[in-house]
Amino acid sequence: LLSLVLLFCFSFAYFLLHRAAAPFPTDGPYAVHLNRRVFHTLAVYCEWALTPYNFWPSNILLHRRAFLWIAGIALLFFSATELARRRWVVLFCGAWFLITLAPMLPLPDHLTDYYLTIPLIGFSIASALAIDRAWHTGWLARLFAVLLVAAFLRVMHISTGDYILIG
């Protein structure tokens, strides 16, 4: 524990030295904005977590919105039922997503899809857990999970033109 305190002191000293030599930018894409724009940035990244932002043809925008609403509500419903049953792993998944994405949220002018690479691990764990729970719940939940996965694969097929997943 003592070595961690020493490491923290060195890190803090480096931070202070770095800020003195290179202050935060006040304009441009790396300008930090700690205001309500943080929530809009979070919403954009949550949307991109479910669907790719740069592959969508304009003629299927309605399908994208429908998929976002259905998948988002399904994930929220799953999280709520897991919390009601005192299964806390969904909190870990949500915390993983938010904590790893947090450094990017104050940069609303620098939205980049590759910032989602690490946060999507938490989202993927929650999605896989939801599919597993649905598979073992009953035929209706199993059918919904299969349809949702098929819709996701279809959305990815339309947006990327990748004929490997769905021919």
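I will try to describe carefully the structure that is included in this document. Along each chain, residue indices are assigned from 1 in the same order as the chain's sequence is written. Totals for whole chains, interfaces and linings use all residues, but because this is a predicted model, local features are given only for residues with pLDDT of at least 70 and pairs of side-chain atoms are given and counted only at 80 or more. The side-chain figures draw on all heavy atoms in the structure; neither hydrogens nor water molecules are used.

Here we look at the side chain of His110
Then, number 1: Runs of E in the DSSP output that reach at least two residues are strands. Runs of H or I that reach at least four are helices, and both are numbered from the N terminus. Along the chain, the position of His110 falls in the loop between helix H4 (89-101) and helix H5 (119-135).
Then, number 2: N or O atoms closer than or at 3.5 Å make up a polar contact, with two conditions inside protein: a donor-capable atom paired with an acceptor-capable one, and, for residues adjacent in sequence, both atoms drawn from side chains. There is a polar contact of 2.9 Å between the side chain of His110 and the side chain of Tyr115.
Then, number 3: Contacts are residue-level and defined by heavy atoms, with any inter-residue pair within 4.5 Å sufficient. Setting aside residues no more than four positions away along its own chain, His110 makes contact with Pro29, Tyr30, Tyr45 and Tyr115.

Focus: helix H2 (residues 37-50)
Then, number 1: A helix is expected to reach a length of 1.5 Å times the quantity of its residues less one. Taking 1.5 Å of rise per residue, the 14 residues of H2 would be expected to cover 20 Å, and the 21 Å separating its terminal C-alpha atoms lies within 8% of that figure.
Then, number 2: Per-residue accessibility, obtained with a 1.4 Å probe over protein chains only, is compared with the maximum for each type, and a residue is labelled buried under 20%, exposed over 50%, and partly exposed between these values. Within H2 the residues assigned to the buried category are Val38, Thr41, Val44, Tyr45, Trp48, Ala49 and Leu50.

Section: the packing of aromatic side chains
Then, number 1: In this analysis, rings of Phe, Tyr and Trp, with Trp reduced to its six-membered ring, are considered paired at centre separations within 6.5 Å, and the interplanar angle assigns stacked below 30 degrees, edge-to-face beyond 60, and tilted for intermediate values. As enumerated under the stated definition, the model contains four aromatic pairs in all.
Then, number 2: Aromatic pair Tyr114 and Tyr115: ring centres 5.0 Å apart, planes at 70°, arrangement edge-to-face.
Then, number 3: As a reminder, the over-ring test applies to NZ of lysine and CZ of arginine, requiring each to be within 6 Å of the ring centre and within 35 degrees of the ring normal. Positioned above the aromatic ring of Trp135 is the side chain of Arg142, whose terminal nitrogen or guanidinium carbon lies 4.4 Å from the ring centre.

Considering the packing of H4 against H5
Then, number 1: The contact between H4 and H5 brings their axes to 7 Å, and the two run at 160°. When the axis of H4 is compared with that of H5, the two are roughly antiparallel. Crossing of H4 over H5 shows left-handed handedness. Contacts from Val89, Phe92, Cys93, Trp96, Phe97, Thr100 and Leu101 in H4 reach Pro119, Leu120, Ile121, Gly122, Phe123, Ile125, Ala126 and Leu129 in H5.
Then, number 2: Classes in brief: Ala, Val, Leu, Ile, Met, Phe, Trp, Tyr, Cys and Pro nonpolar; Asp, Glu, Lys and Arg charged; the others, Gly included, polar. Here the residues of the contact of H4 with H5 sort into 13 nonpolar, two polar and no charged. Inter-axis angles, ranging from 0 to 180 degrees, are taken between N-to-C directions of lines fitted to C-alpha atoms, where helices are fitted over the stretch in contact. Working definition: roughly parallel below 35 degrees, roughly antiparallel above 145 degrees, roughly perpendicular at 65 to 115 degrees, and oblique for all remaining angles. In this scheme the crossing of two helices becomes right-handed for a clockwise turn of the near helix relative to the far one and left-handed for an anticlockwise turn of less than a right angle.

Concerning H4
Then, number 1: Taking 1.5 Å per residue, 13 residues should reach 18 Å; H4 reaches 18 Å between its end C-alpha atoms and fits that length.
Then, number 2: Listed in full, the buried residues belonging to H4 are Val90, Cys93, Phe97 and Leu101. Taken around the axis of H4, the buried residues stretch over an arc of 60°, which confines them to a single face. Arc definition: it is the arc formed by the directions from the helix axis to the C-beta atoms.

Looking at the packing of H2 against H4
Then, number 1: At their nearest, the axes of H2 and H4 sit 12 Å apart, and the two run at 125° to each other. It follows from the interaxial angle that H2 and H4 lie oblique. The element H2 and its partner H4 pack so that their crossing is right-handed. In this structure, H2 uses Leu42, Tyr45, Cys46 and Ala49 to contact H4, whose residues at the interface are Phe97, Leu98 and Leu101.
Then, number 2: Of the residues contributing to the contact of H2 with H4, the split by class is seven nonpolar, no polar and no charged.

Topic: the pattern of salt bridges
Then, number 1: A pair is scored as a salt bridge if a Lys or Arg side-chain nitrogen falls within 4 Å of a carboxyl oxygen belonging to Asp or Glu. One pass over the structure, following the stated rule, counts three salt bridges.
Then, number 2: Between Glu82 and Arg87 there is a salt bridge, and its shortest N-O distance comes to 3.0 Å.
Then, number 3: Residue class for Glu82 comes out buried when judged on its relative accessible area of 1%.
Then, number 4: Taking relative accessible area as the criterion, Arg87 reaches 31% and is therefore assigned partly exposed.
Then, number 5: What you see here is one network of salt bridges that share partners, running through Glu82, Arg87 and Arg133.

Details of the nonpolar core
Across soluble globular proteins, nonpolar side chains show a tendency to be buried alongside one another.
Then, number 1: What we call a nonpolar core is a set of buried Ala, Val, Leu, Ile, Met, Phe, Trp, Tyr and Cys residues that are connected through their side-chain atoms within 4.5 Å. Core analysis: the biggest nonpolar cluster contains 17 residues, and Tyr45, Phe97, Leu101, Met104 and Leu116 have the highest contact counts within it.
Then, number 2: Put simply, the parts of the chain that give this core at least two residues each are H2, helix H3 (61-84) and H4.
Then, number 3: Of the residues forming this core, the biggest block, six residues, is contributed by H2.
Then, number 4: Ignoring any residue separated from it by four or fewer positions in sequence, one finds Met104 in contact with Thr41, Tyr45 and Tyr115.

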